[in-house]
There are 2 protein chains.
Amino acid sequence: MKFHGYFRSSASYRLRIALALKNIPHEQASVHLSRGGGEQFAPAFRKLNPQMLVPVVEDDGQVLTQSLAILEYLDEKWPTPPILPKTPAERARVRALALVMACEMHPLNNLRVLNYLTKDLGLSEEAKLTWYRHWIALGFQALEGMLADHPETGRFCHGDTPTIADICLVPQVFNAKRFDCPMQGYPTVMRIYEGCEKLPAFAGAHPSRQPDAE
Amino acid sequence: MKFHGYFRSSASYRLRIALALKNIPHEQASVHLSRGGGEQFAPAFRKLNPQMLVPVVEDDGQVLTQSLAILEYLDEKWPTPPILPKTPAERARVRALALVMACEMHPLNNLRVLNYLTKDLGLSEEAKLTWYRHWIALGFQALEGMLADHPETGRFCHGDTPTIADICLVPQVFNAKRFDCPMQGYPTVMRIYEGCEKLPAFAGAHPSRQPDAE
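Residues numbered from 1 in each chain as written. Chains lettered and ligands numbered in written order. Predicted model: local features only at pLDDT ≥ 70, side-chain atom pairs only at ≥ 80, totals over all residues.

Enquirer: Just to check I follow, could you spell out the overall build of chain A for this structure?
Expert: Helix and strand counts for chain A stand at nine helices and four strands. Whereas a compact globule of 214 residues would reach a radius of gyration of roughly 17 Å, chain A reaches 17 Å, a difference of no more than 12%. In terms of its C-alpha atoms, chain A occupies a principal-axis envelope of roughly 50 × 45 × 30 Å. Residues counted as buried form 45% of the 214 residues belonging to chain A. Within chain A, contacts between residues separated by at least 24 positions form 67% of all contacts whose residues are at least 6 apart in sequence. (Helix = DSSP H or I, 4+ residues; strand = E, 2+ residues; numbered from the N terminus. Rg over C-alpha atoms; globule rule 2.2 N^0.38 Å. Buried ≥ 20, exposed ≤ 12 C-beta atoms within 10 Å, placed from the backbone. Contact = placed C-beta atoms within 7 Å.)

Now the structure itself:
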């Protein structure tokens, strides 16, 4: 397996956590998202992934894209330890938590969107940060509402073992902290974040600990 | 099963298609996203879904949110006909196609984001449309690249039966057409769209055919 990612990409960070939790052997290739105008736009990479986004995983001659699709693939091919619960209802809860981050928060705040705001729309740095923090606050408010006092929330988002919800949560909190978003309003989110950070799979996947970190 | 949606919401449209394909009995409740400032912000609905978004499905005492999580749930509980293929690699391809729309296109162009652009950032109608069409074009270029000439693309996005990729594609194309986005550059996307529209499950889920249509 070959894993193409970038140290600071949230979606790559998700996969690093899952690969470590499941102890899946792989080699890493770094795709620098800004050097030389962005290595993801190079013809060879574009051929690999027409979306021009990381992460990409090559496994068994198949090219896999979109981090949530890859997480499901890893769980189906390497089921131990599982990163999704067993029953349809529980799986739906965990996937919904992950999708709040993957669909409502991260897409509005990734590099290409922030670039569009400042370069194409001419927004100030301050207006860009206000945008960023607006969607982060809305998302974490929703997540806190879904997690706090829910009977199935445990040490992690769902029960006492990590799932794809936690795998999305840690990079999202890391990202929010990088942009100095206030986090006091989300005690359950932060409790789970801090619990995850104590596990070697999460700690080792941190952007600062990657070979391509700057 | 009770399905809370809105005729024009793309994510509700996805679920209507899946419920029809699988012939799952349900009652519908309409949540008007702009009347009275938006019925999704009413306390009772917020209690049901702290995300204040549609669709929401209530089934067996469980509240389900996030359309892709609900599609997976429906497929696990009502497996016939399947809306995901069988092997992990094929499932990963179908999920990735769906996620291009669910993560890279729709989140940038939904109602609350467009409202932020015009109301909070003071963008003109023209600048808003340029934003809309920019992300639509980027997404459909990626999708066309993933679908055209791919050996597994068939009558539908993957093979000859509809999957969650087609279930996301039809509402996304409908939405793009509503905003007059040029679609000539995506012949495979449009061929699949037109094929889907011939099936009663897709045709009957069209926004104009819903009881709450305006």
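Enquirer: I'm lost on the pairing of strand E4 (residues 62-65) of chain B in this one. Help?
Expert: Looking along a regular strand, one sees the side chains alternate between the two faces of the sheet. Residue and element names in this part refer to chain B. Where strand E3 (residues 56-59) and E4 come together, four bridges link them in antiparallel fashion. From the neighbouring strand, glutamate 58 faces E4, where its bridge partner is valine 63. Adjacent in sequence and paired antiparallel, E3 and E4 are bridged by two residues, among which aspartate 60 carries a positive phi angle near 55 degrees. (Pairing = 2+ DSSP bridges.)

Enquirer: Just checking my understanding: could you explain the domain arrangement of chain A for this structure?
Expert: Where interface size is given, it is often the accessible area lost as the parts come together that is meant. All names here are of chain A. Along its sequence, chain A is organised into domain 1 (2-81) and domain 2 (88-202). Of all the secondary-structure elements, those providing two or more residues to the side of domain 1 that touches domain 2 are helix H1 (10-21) and helix H3 (67-77). For the side of domain 1 that touches domain 2, the element with the most residues is H1, which contributes seven residues. Here the side of domain 1 that touches domain 2 is composed, by residue class, of nine nonpolar, one polar and one charged. (Domains from an automatic or database assignment. Nonpolar A, V, L, I, M, F, W, Y, C, P; charged D, E, K, R; others polar.)

Enquirer: Even after reading the chapter, I still don't get the relation of the copies chain A and chain B, so can you show me in this structure?
Expert: Here the two chain copies are tied together by a rotation about an axis and a shift along that axis. For the match of chain A to chain B, the screw axis carries a shift of 0.0 Å, the RMSD comes to 0.0 Å, and the turn is 180 degrees. Here the copies are linked by what is in effect a two-fold axis. Among all C-alpha atoms of chain A, that of A:Cys103 lies closest to the rotation axis, at 2.4 Å. In this assembly, 100% of the residues forming the interface of chain A have copies in chain B that are likewise at the interface, indicating an isologous arrangement. (Least-squares fit on C-alpha atoms with pLDDT ≥ 70 in both.)

Enquirer: I keep staring at the interface of chain A and chain B and nothing clicks. Help me out?
Expert: Taken together, the contact pairs 32 residues of chain A with 32 residues of chain B. Counting residues per element, the ones that place at least two in the side of chain A that touches chain B are strand E4 (62-65), H3, helix H4 (88-109) and helix H6 (125-147) of chain A. Ranked by residue count, the leading element in the side of chain A that touches chain B is H4(A), at 13 residues. For the side of chain A that touches chain B, a count of residues per class yields 21 nonpolar, five polar and six charged.

Enquirer: Help me understand the environment of A:Ser208, please; the structure alone is not making it clear to me.
Expert: All names here are of chain A. The residue serine 208 is located in the segment after helix H9 (200-204) in this model. Overall, serine 208 belongs to the exposed group, with 9 C-beta atoms counted inside 10 Å. Sequence separation between serine 208 and phenylalanine 7 is 201 residues; the distance between their C-alpha atoms is 7.4 Å.

Enquirer: I'm lost on helix H7 (residues 164-178) of chain A in this one. Help?
Expert: Side chains that are three or four residues apart share a direction in an α-helix, a result of its 3.6 residues per turn. Residue and element names in this part refer to chain A. Over its 15 residues, H7 extends 22 Å from the first C-alpha to the last, a length consistent with the 21 Å expected when each residue adds 1.5 Å. Among the 15 residues in H7, twelve count as buried, and that is most of the element. Contact partners of the buried residues in H7: H1, H3, H4, H6, helix H8 (187-197) and H9. Aspartate 180, located one to two residues past H7, shows a positive phi value of around 55 degrees. (Expected span 1.5 Å × (residues − 1).)

Enquirer: I would appreciate a short explanation of the confidence of the model for chain A in the present structure.
Expert: Regions with low pLDDT carry predicted coordinates that are not meant to be interpreted in detail. Across chain A, the average pLDDT comes to 96, with 100% of residues at or above 70. Among the prediction metrics, the complex's ipTM stands at 0.97, with pTM recorded as 0.97. (pLDDT = per-residue confidence, 0-100.)

Enquirer: Would you take a moment to explain the sheet that holds E3(B) for this structure?
Expert: Note on sheets: strands pair through backbone hydrogen bonds, and any given pair is parallel or antiparallel. Residue and element names in this part refer to chain B. With respect to topology, four strands assemble into an open sheet ordered E2-E1-E3-E4, the strand pairing being mixed. Sheet topology places strand E2 (27-30) and E4 at the edges, where each strand pairs with a single neighbour. Along the sheet, successive strands turn relative to each other by an average axial angle of 20 degrees, direction set aside. Sheet topology places strand E1 (residues 2-5) next to E2; four bridges connect them, and they run parallel. By the bridge assignment for E2, lysine 2 is matched with glutamate 27. (Axes fitted to C-alpha atoms, helices over the stretch in contact; angles between N-to-C directions.)

Enquirer: Before we go on, may I ask you to explain the sheet that holds strand E3 (residues 56-59) of chain A in this structure?
Expert: Residues and elements named next belong to chain A. The mixed open sheet is built from four strands, whose spatial order is E2-E1-E3-E4. Either end of the sheet is taken by a strand with one partner, and the two such strands are strand E2 (27-30) and E4. Ignoring which end each strand starts from, the neighbouring axes of this sheet average 20 degrees apart.

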